[in-house]
Amino acid sequence: MNKYAQQVHGISSYQLHSAPRFWEVWEEIESLLKNRTVMAYNAAFDKKSLQATIQFWGNDLPESNWQCIMQAYKRYRGYDKPVKLAKACQEMNVRAGTHRAKEDALAAARVLYRMAQGK
């Protein structure tokens, strides 16, 4: 496991030992992405990372409409530069993520929800 990723996300090799392998869940991931709108905070990074993983296993990224919550938040606040998810959560008074996929996805959804409310 990449030491930097391990440090940032706090996930150990031991925790990954029993996790399913990418190829074991690929069909489910593909069905979730195919012909769908994908909302992500820093979507360009997530899409690039996912695409690299998919291509490593000899597959193609399915056609999807990727939308970036980070860029939407930047426009919403009138910022010159994008801000990290933690800052957006703080400014929108919502619970931040923990650098874990599910928690960060929920935090991004909370930011998006607050923007939709016009907060």
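Reading the values: the criteria
- Residues numbered from 1 in each chain as written.
- Predicted model: local features only at pLDDT ≥ 70, side-chain atom pairs only at ≥ 80, totals over all residues.
- Heavy atoms only, no water.
- Phe/Tyr/Trp six-rings, centres within 6.5 Å; stacked < 30°, edge-to-face > 60°.
- Buried < 20%, exposed > 50% of the residue type's maximum accessible area, 1.4 Å probe, protein only.
- Lys NZ or Arg CZ within 6 Å of the ring centre and 35° of its normal.
- Axes fitted to C-alpha atoms, helices over the stretch in contact; angles between N-to-C directions.
- Helix = DSSP H or I, 4+ residues; strand = E, 2+ residues; numbered from the N terminus.
- Parallel < 35°, antiparallel > 145°, perpendicular 65-115°, else oblique.
- Left-handed = near helix turned anticlockwise from the far one by under 90°.
- Contact = heavy atoms within 4.5 Å.
- Nonpolar A, V, L, I, M, F, W, Y, C, P; charged D, E, K, R; others polar.

## Notes on the packing of aromatic side chains
Reasoning step 1: Throughout the structure, instances matching the rule amount to 5 aromatic pairs.
Reasoning step 2: Look at F56 and W57: their rings are 5.0 Å apart centre to centre, the planes differ by 90°, and that puts the pair in the edge-to-face class.
Reasoning step 3: With a relative accessible area of 38%, W57 lands in the partly exposed category.
Reasoning step 4: Sitting over the ring of Y79, K87 keeps its end group 5.4 Å from the ring centre.

## Remarks on the packing of helix α3 (residues 22-33) against helix α4 (residues 43-56)
Reasoning step 1: Contact geometry for α3 and α4: axes closest at 12 Å, N-to-C directions at 130°. What the angle tells us is that α3 and α4 run oblique. The element α3 and its partner α4 pack so that their crossing is left-handed. Contacts from F22, W26 and L33 of α3 reach α4 at L50, T53 and I54.
Reasoning step 2: For the contact of α3 with α4, a count of residues per class yields 5 nonpolar, 1 polar and no charged.

## With respect to the packing of helix α5 (residues 69-77) against helix α7 (residues 101-117)
Reasoning step 1: For the pair α5 and α7, interaxial distance at closest approach is 11 Å and the crossing angle is 35°. In this structure, α5 meets α7 at a crossing whose hand is left-handed. Each of I69, A72, Y73 and Y76 in α5 lies in contact with α7, whose residues at this interface are A108, V111, L112, R114 and M115.
Reasoning step 2: Classifying every residue of the contact of α5 with α7 gives 8 nonpolar, no polar and 1 charged.

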